Amino acid sequence: MQIMSEALGDGRAVLRVEGRLNLVTAPELRAAVQQAVEEDTARVVVDLAGVTFIDSSGLGMVIAGLKHARQAGGELRIAAAGEQVRMVLELTKLHRILRPYESVDEALEGL
Amino acid sequence: MQCFEAPAQPDCLDELHAALDRLWREAPDVQEPARMRFSTAVSEVLGNVVVHGRTGEGAIATVRVSLKAEPGALRAELLDDGIALAPGAAVTELPEDDLAESGRGLALARAALDELHYVRDGGNRWELVIRR
């Protein structure tokens, strides 16, 4: 898995995740969100377009990131989730608190 | 059918994905929604084995995974030589706290499957079924 972080210069950042977000790799996402918050970009969009597979540990770290961003007065949104990610969000009922935005642009709107 | 045996360590999740890829090549008629549900559920149960898989001596348990695409069903069996799950550890309910960071794995597996069974008989045995 790879994470590329892009600060937009206005307190917002986009984290592009590629590969499998699972038990093995998920802690890297938590670390990337923490770093974004420390760099004063606590309003974060996690771009999941490149995520081929997510498990409950991956979701857990997205939740951890959401809480971390909110504690710093920010927010975290997810964008461009594929079929498997959407299925997992629905089966865990997490789509109620992590609405999957269609695209990064849509997620950035009003963030 | 695809089988592998490995120490119950995080690396075995990569082995699982490789074995699933081989299974889908062997059974191209299995539709994508069933593949997604099966891959997701097996990955969660194996993840659970990785997190809890210790033998009575404290060593890392060994897990044996078999994956089958039968005409009527997808079946997985996971056997490990670890200690028994603590009573109540096989939680298949979602956590009450929506913002909990863990505790969803087996609930997700159960939701993705038609059947999920856990049997303790010397080791731990998990049976997973999706009807096609």
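Residues numbered from 1 in each chain as written. Chains lettered and ligands numbered in written order. Predicted model: local features only at pLDDT ≥ 70, side-chain atom pairs only at ≥ 80, totals over all residues.

Here we look at the overall build of chain B
Right, on to step 1. Looking only at helices and strands, chain B features 3 helices and 5 strands.
Right, on to step 2. Each helix and strand of chain B, ordered N terminal to C terminal, gives the series β-α-α-β-β-α-β-β.
Right, on to step 3. Taking 2.2 N^0.38 as the reference for a compact globule, 132 residues should give roughly 14 Å; the C-alpha atoms of chain B span a radius of gyration of 14 Å, in line with that estimate.
Right, on to step 4. Principal-axis analysis of the C-alpha atoms gives chain B an extent of 40 × 35 × 25 Å.
Right, on to step 5. For chain B, contacts bridging at least 24 residues in sequence account for 65% of all contacts bridging at least 6. (Helix = DSSP H or I, 4+ residues; strand = E, 2+ residues; numbered from the N terminus. Rg over C-alpha atoms; globule rule 2.2 N^0.38 Å. Contact = placed C-beta atoms within 7 Å.)

Overview of helix α1 (residues 26-38) of chain A
Residues and elements named next belong to chain A.
Right, on to step 1. Between the first and last C-alpha of α1 there are 19 Å, a value that for 13 residues agrees with the 18 Å anticipated at 1.5 Å per step.
Right, on to step 2. By the burial criterion, the buried members of α1 are Ala26, Leu29, Ala32, Val33, Ala36 and Val37. Angular distribution of buried residues about the axis of α1 spans 140°; they occupy a single face of the element. Turned more than 90 degrees away from the buried face of α1 sit Pro27 and Glu38, all of them exposed. (Expected span 1.5 Å × (residues − 1). Buried ≥ 20, exposed ≤ 12 C-beta atoms within 10 Å, placed from the backbone. Arc of directions from axis to C-beta.)

Focus: the sheet that holds strand β2 (residues 12-21) of chain A
Whether parallel or antiparallel, the strands of a sheet pair through hydrogen bonds between backbone atoms.
All names here are of chain A.
Right, on to step 1. If you walk across this open sheet you meet the 5 strands as β1-β2-β3-β4-β5, and the pairing is mixed. Each end of this open sheet is capped by a strand with a single partner; those strands are β1 (2-7) and β5 (100-101).
Right, on to step 2. Across 2 bridges, the pairing between strand β4 (residues 75-79) and β5 is parallel. Within β5, the position partnered with alanine 79 by the bridge is tyrosine 101.
Right, on to step 3. Here α1 sits on the sheet and contacts β1, β2, β3 (43-54) and β4; the angle it forms with β2, its principal contact strand, is near 175°.
Right, on to step 4. Helix α2 (residues 56-71) rests against β2, β3 and β4 of the sheet, and its axis sits at about 145° to β4. (Pairing = 2+ DSSP bridges. Axes fitted to C-alpha atoms, helices over the stretch in contact; angles between N-to-C directions.)

A closer look at the interface of chain B and chain A
Right, on to step 1. Chain B puts 18 residues into the contact, and the matching count from chain A is 19 residues.
Right, on to step 2. When contributions to the side of chain B that touches chain A are tallied by element, the ones reaching two or more residues are α2 (32-52) and α3 (105-112) of chain B.
Right, on to step 3. With 6 residues, the single largest contributor to the side of chain B that touches chain A is α2(B).
Right, on to step 4. Taken together, the residues that form the side of chain B that touches chain A break down as 9 nonpolar, 5 polar and 4 charged. (Nonpolar A, V, L, I, M, F, W, Y, C, P; charged D, E, K, R; others polar.)

Considering the environment of A:Arg77
Residues and elements named next belong to chain A.
Right, on to step 1. Of note, arginine 77 is situated in strand β4.
Right, on to step 2. Considered as a pair, arginine 77 and leucine 66 are 11 residues apart in the sequence and their alpha carbons are 7.8 Å apart.
Right, on to step 3. Not counting residues within four places of it along the chain, the set of residues in contact with arginine 77 comprises Val45, Tyr101, Ala107 and Leu111.

Remarks on the sheet that holds strand β5 (residues 123-131) of chain B
All names here are of chain B.
Right, on to step 1. The 5 strands are arranged β1-β2-β3-β5-β4 in an open sheet whose pairing can be described as antiparallel. This sheet does not close on itself; its edge strands, each paired only once, are β1 (2-7) and β4 (115-121). Averaged over all neighbouring strand pairs, the angle between strand axes comes to 15°, with direction disregarded.

Some remarks on the confidence of the model for chain B
Right, on to step 1. Across chain B, the average pLDDT comes to 94, with 100% of residues at 70 or higher.
Right, on to step 2. Among the prediction metrics, the complex's ipTM stands at 0.93, with pTM recorded as 0.95. (pLDDT = per-residue confidence, 0-100.)

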